[in-house]
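Read off the chains here:
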Amino acid sequence: MNRLLCTTLVKYSERNGIKANGPLLWRAFSVSGCNRQAESETSRESQHYDIIIAGGGMVGTALACALGKNTRLQNKNILLLEAAAGFKQPSTEQYSNRVSAISKGTHRLMQTIGAWDEIERTRVKPVLKMQVWDACSDALITFNYDDFSENISWIVENDVLLASIYRQLETVPNVRVRYSSKIASCELIRDGADKSTVRLADGETLKCDLLVGADGYNSLVRRQMGVQNFALAYNQMGVVATLRLANGPTDNVTAWQRFLPTGPIALLPLSDDTSSLVWSTGVAEAKRLLQLDGDSFVAAVNAAFHKPMPRNSLVDDVMKGVNTLVKQTTGQRLEAAPVVETEVDKSRAAFPLGLGHTGTYVGQGVCLIGDSAHRVHPLAGQGVNLGFGDVQTLVDVLADANYAGLGISNLSELLKYEQARLKHNVPVLLTTHSLQRLYSTDFVPTVALRSIGLTLTNAFPPVKKFLMNYAMS
């Protein structure tokens, strides 16, 4: 053993130019060994990033891209952590059953980060008009710009949106994406740490100046912040599917939504002969719909859009009077929604619906965006748009703070982001929650009041335009 060790030391000395005499040789070997051990230990020590984003969904990925492309933040090292093994490439053969109605504000963000051109090259459908009507009365409202001069939204598959943003990330040198990186725990500055710390499931430790929670409505980052989070389950599920329309290709540019007593059903255009279904209903009914065969499911969808519902004579009399008052203002009549012919195979699914909002979005060296901070009912199509609004505001705040030398973890600067987003998010949450409650009943006085309100709103274009611009901003 000694001879072997001696031979090894001599060979080591020859390679490294060290004179092979006793004490010096042993010292050289010892120093080199210590250096290598130190390098190994250093590699295992926590790595530091300026910003770590927990969650690589649409909102978290958009934030990483927007931060990396902002000229005032290009000196920051950014890490995006995603628990999945990789993002799902959009299918070239069929549409995904999860789609988003993109607002004008989100459209501008996608243009800013360079993802919109990729989205248009893949698949996107503009919406020029939306019709919403009550199944329990004659009340209806339509949304569109004069002469259909502008889109009111765009329907994009979530997979297409995410893939387009990821392709942009490939061109951003200061952003690193790590897949299969599940966060086991995190420690924040308020817990006594000098930096926010993330521990991965494999034991690796990462540190950062700013930790952004984009990890969904069960956010681990939010739980670690210890902030109050209001959550309400609606005891409803959203049934989604991709549907083929009857009567061949048409100019399919209208979004349709009918309020049933059990919840709204919506048909969103994907192409001239294909639409995406989002049907909000009770949990038991949703499970029944999932079990139906294809033909029975299509029949249920067509009935939900076209079958007359029981009406109350008192509501009908009230609406006759209201319509008489406003008939000179609007001559609109209810248009029939498209008839569904078939369901795309294996496109049917369901997910639970609920409301959520956290008491605060920020802390020292930490903040929340997207569903980590708020969760809304899909009836107004605002969920992901609120998240993308968070992204734009946070990027602007961080860019200004960094340019002014105030630091990206400064609580007083982060509070600017929180205050700006609360002013927008809370009214949207309250509105969608109120609509969900208002349109989930067939109680006669409630039906009468909501029908009057919807009809009067539809009769005054300035009010409609204000609501449309606010929602699409």
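Residues numbered from 1 in each chain as written. Predicted model: local features only at pLDDT ≥ 70, side-chain atom pairs only at ≥ 80, totals over all residues. Heavy atoms only, no water.

1. Some details on the overall build of the protein
- Each helix and strand counted, the protein has 14 helices and 20 strands in total.
- In the protein, buried positions account for 50% of the 473 residues.
- The long-range fraction of contacts in the protein, counting pairs at least 24 apart against all pairs at least 6 apart in sequence, stands at 76%.
- Summed over all atoms, the accessible surface of the protein reaches about 22400 Å², with 53% contributed by carbon and sulfur. (Helix = DSSP H or I, 4+ residues; strand = E, 2+ residues; numbered from the N terminus. Buried < 20%, exposed > 50% of the residue type's maximum accessible area, 1.4 Å probe, protein only. Contact = heavy atoms within 4.5 Å. Areas by Shrake-Rupley, 256 points an atom, 1.4 Å probe, with all protein chains shown as cover.)

2. Quick look at the sheet that holds strand S7 (residues 153-157)
- Strand order in the open sheet formed by 3 strands is S3-S7-S4, with antiparallel pairing between adjacent strands. What marks the edges here is a single partner per strand, and that holds for strand S3 (99-102) and strand S4 (125-127). On average, each strand axis in the sheet is tilted by 25° relative to the strand beside it, whichever way the strands run.
- As paired strands, S4 and S7 are joined by 3 bridges and run antiparallel to one another. Bridge assignment links Pro-126 to a residue of S7, and that residue is Trp-154.
- Across the sheet, helix H6 (residues 158-169) lies against S3 and S7, angled at about 85° from S7, the strand it touches most. (Pairing = 2+ DSSP bridges. Axes fitted to C-alpha atoms, helices over the stretch in contact; angles between N-to-C directions.)

3. Points about the pattern of salt bridges
- Tallying each qualifying case throughout the model produces 18 salt bridges.
- Here Asp-138 ties to Arg-311 by a salt bridge, and the two come within 2.7 Å at their closest N and O atoms. Here Asp-138 is found in the loop between strand S5 (129-134) and strand S6 (140-143), whereas its partner Arg-311 is found in the loop between helix H9 (294-306) and helix H10 (313-326), with 173 residues between them in sequence.
- Overall, Arg-311 belongs to the partly exposed group, its relative accessible area being 38%.
- Residue Glu-204 pairs with Arg-178 through a salt bridge whose shortest N-O separation is 2.7 Å. Linking Glu-204 in the loop between strand S10 (196-200) and strand S11 (205-213) with Arg-178 in strand S8 (residues 175-178), this pair joins segments that are 26 residues apart in sequence. (Salt bridge = Lys/Arg side-chain N within 4 Å of Asp/Glu carboxyl O.)

4. Focus: helix H13 (residues 444-459)
- Taking 1.5 Å of rise per residue, 16 residues should cover 22 Å, and H13 covers 23 Å from first to last C-alpha, within 8% of that figure.
- Taken residue by residue, H13 has Thr-446, Val-447, Ala-448, Arg-450, Ser-451, Leu-454, Thr-455, Asn-458 and Ala-459 as its buried positions.
- On its buried face, H13 is in contact with S5, S6, H10, helix H12 (411-438) and helix H14 (461-472). (Expected span 1.5 Å × (residues − 1).)

5. Description of the packing of aromatic side chains
- Taken as a whole and judged by the stated rule, the model has 6 aromatic pairs.
- Ring geometry for Tyr-166 and Tyr-179: centres 6.0 Å apart, planes at 45°, overall tilted. One end of the pair, Tyr-166, is in helix H6; the other, Tyr-179, is in the loop between S8 and strand S9 (183-187), and 13 residues separate them in sequence.
- One aromatic cluster is present, formed by Trp-133, Trp-256 and Phe-305 through successive ring pairs.
- Between Arg-98 and the ring centre of Phe-351, over which it is positioned, the NZ or CZ distance is 4.1 Å. (Phe/Tyr/Trp six-rings, centres within 6.5 Å; stacked < 30°, edge-to-face > 60°. Lys NZ or Arg CZ within 6 Å of the ring centre and 35° of its normal.)

6. Quick word on the environment of Lys-125
- Among the structural elements, Lys-125 can be located in strand S4.
- As a C-alpha pair, Lys-125 and Val-253 span 128 residues in sequence and 7.6 Å in three-dimensional space.
- Beyond its immediate stretch of four places on either side in the chain, Lys-125 contacts Ser-153, Trp-154, Ile-155, Asn-252, Val-253, Pro-269, Leu-270, Ser-271 and Asp-272.
- In this structure the side chain of Lys-125 is engaged in a polar contact, spanning 3.0 Å, whose partner is the side chain of Asp-272. (Polar contact = N/O pair within 3.5 Å; in protein donor to acceptor, adjacent residues only side chain to side chain.)

7. So, a nonpolar patch on the surface
- Together, Leu-456, Phe-460, Val-463, Phe-466, Leu-467 and Tyr-470 make up a nonpolar patch on the protein surface, roughly 540 Å² of accessible area in all.
- If you tally residues by element for the nonpolar patch, the top one is H14, at 4 residues.
- Among the structural elements, Phe-466 can be located in helix H14.
- Note on Phe-466: relative accessible area 55%, which makes it exposed. (Patch = residues over 30% accessible without salt bridge, like charges linked within 9 Å, V, L, I, M, F, W, Y side chains within 5 Å.)

8. A few points about unusual backbone geometry
- Despite not being glycine, Asn-235 shows a phi value in the positive range, around 55°.
- In this structure, Asn-235 sits in strand S12 (residues 229-245).
- Phi is positive for Lys-346, close to 60°, though the residue is something other than glycine.
- Residue Lys-346 is classed as exposed on the basis of its relative accessible area, which comes to 76%.

9. Here's the deal with the nonpolar core
- Core analysis: the biggest nonpolar cluster contains 66 residues, and Ile-53 and Met-110 have the highest contact counts within it.
- Here Ile-53 is in contact with Gly-60, Leu-63, Ala-64, Leu-67, Ile-78, Leu-79, Leu-80, Leu-81, Val-212 and Ala-214, once residues within four sequence places are set aside.
- One finds Tyr-145, Val-278, Tyr-439 and Leu-454 within the second-largest nonpolar core, a separate group that totals 32 residues. (Core = buried A, V, L, I, M, F, W, Y, C linked by side-chain atoms within 4.5 Å.)

10. Quick word on the side chain of Gln-168
- Along the chain, Gln-168 falls in helix H6.
- On the accessibility criterion, Gln-168 (16% relative accessible area) is buried.
- The contact partners of Gln-168, leaving out residues within four places of it in the chain, are Cys-65, Lys-69, Ile-113, Gly-114 and Ala-115.

11. Observations regarding the packing of H13 against H14
- Where H13 contacts H14, the two axes come as close as 5 Å, and the packing angle between them is 100°. It follows that H13 is roughly perpendicular to H14 by the angle criterion. Side by side, H13 and H14 meet where Thr-457, Asn-458 and Ala-459 of the first sit next to Pro-461, Val-463, Lys-464 and Leu-467 of the second.
- Looking at the contact of H13 with H14 residue by residue, the class counts come to 4 nonpolar, 2 polar and 1 charged. (Parallel < 35°, antiparallel > 145°, perpendicular 65-115°, else oblique. Nonpolar A, V, L, I, M, F, W, Y, C, P; charged D, E, K, R; others polar.)

12. A closer look at the layout of surface pockets
- In this structure, the second largest pocket occupies an estimated 500 Å³ of space.
- Asp-138, Ala-139, Leu-140, Arg-333 and Leu-334 are, among the 26 residues lining the second largest pocket, the residues nearest its centre.
- When residues of the lining of the second largest pocket are traced back to their parent elements, those giving at least two are S5, H9, H10 and H13. (1 Å grid on protein atoms, 1.4 Å probe; cavity = no way out; pocket = protein on both sides within 12 Å on 5 of 7 lines; lining within 4 Å. Points joined across faces, edges and corners; volume = space filled by probe spheres on them.)

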